[in-house]
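Listed below are the residues making up each chain.
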Amino acid sequence: MYNFSSQLRAQGKKLGFVPTMGALHAGHMKLISNSLGQNNTTVCCIFVNPTQFNDSNDFEKYPITIEKDLLQLERSGCDILFLPTVFEIYPSGTSNLVHYELGRLETVLEGKFRPGHFQGVCQVVDRLLEIVNPSRIYMGQKDFQQCLVVQKMLDVRHPNIEMIKVPIQREHNGLAMSSRNIRLSESAKKSALTIFEVLTNIKYNWGKKAVENLIQEASLQIENAGFEKIDYVSIVEAKDLEELVIWDANIPAVALVAAFIDGVRLIDNLSIS
Ligand code: AMP
């Protein structure tokens, strides 16, 4: 793969890379179509990376729908599917892997509630980039914090690889598409919509109500919709996830939510400024 992409690069051609954990949906396919439109060759990877799961139950229950994934990839025109084994990615095992300096970014929000998660993300993305050697990597804004973390890793380890961030793809009713949605019952899927509703509400009231009240109201609405647990409802600066305690029209802000319903952890976010 490395030689193949080096040859492409030598010919001035671009290779776009879309890393995923499979159970592909229209969100993933948007990343692929963006890459197809901007590069000569597109590589999609499906790999459920064990090192980024801090909860073994979540790892074991992660949906695998490889037959359907293959059909979608074929239909999309994606050029190459990379389907590595754990051994190919981690030939020396998964312990004692490289540690990345991520600073504050891995201590807040997802990092706080999923300790070690972003180390795992960096380990797998760094290794995949080493193998695939693309010109561009495509990542979804659904994982807002992940984009910041991976950009930080790219700056240090792969400064020549450009990250293209793709907006969140949603169902018609607003629910953010996610592989984990497959695990939701029909009624939980309806309740899950509350996340997008509270985010929209925060956006509408941003600058009109106190930040504290916005967060309290959102949390209450999520609880009332039947969510078992809320990890966070937070309003932060888009550039570095610094918490915003008062409204400032000049600061690009984003609201983020992580909460459990039906034992499934859902995340979503919305740019509010
Ligand atoms: P995953 O398979 O969940 O690890 O996701 C692979 C990539 O697809 C990541 O960059 C995600 O941010 C992106 N992605 C997942 N869901 C969506 C979505 N609804 N809209 C846009 N990108 C998404």
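Residues numbered from 1 in each chain as written. Predicted model: local features only at pLDDT ≥ 70, side-chain atom pairs only at ≥ 80, totals over all residues. Heavy atoms only, no water.

Re the site of the ligand
Then step 1. Neighbouring residues of the ligand: 17 residues in total, closest M21, G140, D143, Q169 and M177.
Then step 2. Separating an oxygen atom of the ligand from a side-chain N or O atom of D143 is a distance of 2.6 Å.
Then step 3. At 2.8 Å from a nitrogen atom of the ligand is found a main-chain nitrogen or oxygen belonging to Q169.
Then step 4. In the complex, the protein chains occlude 93% of the 480 Å² of accessible area that the ligand would expose alone.
Then step 5. Taking a 2 Å distance to the grid points as the criterion, the majority of the atoms of the ligand fall inside the largest cavity. (Near = heavy atom within 4 Å. Polar contact = N/O pair within 3.5 Å; in protein donor to acceptor, adjacent residues only side chain to side chain. Areas by Shrake-Rupley, 256 points an atom, 1.4 Å probe, with all protein chains shown as cover. 1 Å grid on protein atoms, 1.4 Å probe; cavity = no way out; pocket = protein on both sides within 12 Å on 5 of 7 lines; lining within 4 Å. Sits in = over half its atoms within 2 Å of the grid points.)

As for the sheet that holds strand 3 (residues 80-82)
Then step 1. If you trace the five strands from one edge of the open sheet to the other, you get 3-2-1-4-5, paired in parallel fashion. Single-partner strands in this sheet number two, and they are strand 3 and strand 5 (162-166). With direction set aside, neighbouring strand axes in the sheet form an average angle of 25°.
Then step 2. On the sheet, helix 4 (residues 66-76) packs against strand 2 (41-46) and strand 3 and is oriented at approximately 170° with respect to strand 2. (Pairing = 2+ DSSP bridges. Helix = DSSP H or I, 4+ residues; strand = E, 2+ residues; numbered from the N terminus. Axes fitted to C-alpha atoms, helices over the stretch in contact; angles between N-to-C directions. Contact = heavy atoms within 4.5 Å.)

Focus: the pattern of salt bridges
When their charged atoms lie close together, side chains carrying opposite charge are able to pair.
Then step 1. Inspection of every chain in the model, using the stated rule, returns 15 salt bridges.
Then step 2. A salt bridge links K209 to E217, with the nearest nitrogen and oxygen atoms 3.0 Å apart.
Then step 3. We classify K209 as partly exposed; its relative accessible area is 34%. (Salt bridge = Lys/Arg side-chain N within 4 Å of Asp/Glu carboxyl O. Buried < 20%, exposed > 50% of the residue type's maximum accessible area, 1.4 Å probe, protein only.)

A few points about unusual backbone geometry
Then step 1. For A23, which is not glycine, the phi torsion reads 50° and is therefore positive.
Then step 2. Assignment of secondary structure puts A23 in the loop between strand 1 (15-20) and helix 2 (26-38).
Then step 3. With phi around 55°, N96 is a residue other than glycine that occupies positive phi space.
Then step 4. Structurally, N96 is set in the loop between helix 5 (86-89) and helix 6 (110-113).

A closer look at the sheet that holds strand 6 (residues 229-237)
Then step 1. On the basis of which strands lie adjacent, the open sheet formed by three strands has the order 6-7-8 and antiparallel pairing. Of all the strands in the sheet, just strand 6 and strand 8 (264-271) have a single pairing partner and so form its edges. Neighbouring strand axes in the sheet, compared pairwise and without regard to direction, differ in orientation by 10° on average.
Then step 2. Pairing of strand 6 with strand 7 (residues 253-261), which is carried by eight bridges, proceeds in the antiparallel orientation. From the neighbouring strand, I235 faces strand 7, where its bridge partner is A255.
Then step 3. The strands that helix 10 (residues 211-224) touches are strand 6 and strand 7; relative to strand 6, the one it contacts most, it runs at about 150°.

Side note on the layout of surface pockets
To find the voids left in a structure, one rolls a probe of water-molecule size over its atoms.
Then step 1. Taken as a whole, the largest pocket holds about 340 Å³ of empty space.
Then step 2. As for the largest pocket, its lining consists of 19 residues, and the residues nearest its centre are E171, S178, N181, I182 and K189.
Then step 3. Of all the secondary structure elements, the ones that give two or more residues to the lining of the largest pocket are helix 4 and helix 9 (186-205).
Then step 4. Across the lining of the largest pocket, the residue classes tally to six nonpolar, seven polar and six charged. (Points joined across faces, edges and corners; volume = space filled by probe spheres on them. Nonpolar A, V, L, I, M, F, W, Y, C, P; charged D, E, K, R; others polar.)

Overview of helix 10
Side chains of residues three or four places apart in an α-helix project in the same direction, reflecting 3.6 residues per turn.
Then step 1. Taking 1.5 Å per residue as the helical rise, helix 10 with its 14 residues ought to reach 20 Å, and the 20 Å between its terminal C-alpha atoms agrees with that figure.
Then step 2. Among the residues making up helix 10, those that are buried are V211, L214, A218, S219 and I222. When helix 10 is viewed along its axis, its buried side chains cluster within an angular range of 125° and face the same direction. Turned more than 90 degrees off the buried face of helix 10, the exposed positions are E212, Q216 and N224.
Then step 3. Check the buried side of helix 10 and you find it contacts helix 9, strand 6 and strand 7.
Then step 4. Once helix 10 ends, the next one or two residues include G226, with phi positive near 100°. (Expected span 1.5 Å × (residues − 1). Arc of directions from axis to C-beta.)

Some details on the side chain of K142
Then step 1. When you line up the elements, K142 lands in the loop between strand 4 (136-140) and helix 8 (144-157).
Then step 2. At 5.0 Å, D143 is the nearest oppositely charged side chain to K142, a buried residue that forms no salt bridge.
Then step 3. Residues within four places of K142 in sequence aside, it is in contact with I168, A176, M177, S178, I267 and N269. (Lys, Arg positive; Asp, Glu negative; His and termini not counted.)

Thoughts on the state of the cysteines
Linking two cysteines covalently via their sulfur atoms produces the bond known as a disulfide.
Then step 1. All told, the structure shown has zero disulfides when counted by the stated rule.
Then step 2. With no disulfide partner, C44 has as its closest neighbouring cysteine sulfur the one in C78, 5.2 Å distant. (Disulfide = S-S within 2.5 Å.)

Remarks on the packing of aromatic side chains
Then step 1. Counted according to the given criterion, the structure contains four aromatic pairs.
Then step 2. Centre to centre, the rings of F53 and Y62 are 5.7 Å apart; their planes meet at 75°, and the pair counts as edge-to-face. No difference in accessibility class separates F53 from Y62, as the two residues are buried.
Then step 3. With 5.9 Å between their ring centres and 40° between their planes, F113 and Y232 make a pair best called tilted. In this pair, F113 is assigned in helix 6 and Y232 in strand 6, connecting sequence segments 119 residues apart. (Phe/Tyr/Trp six-rings, centres within 6.5 Å; stacked < 30°, edge-to-face > 60°.)

Any functional reading would require information that these geometric values do not contain.
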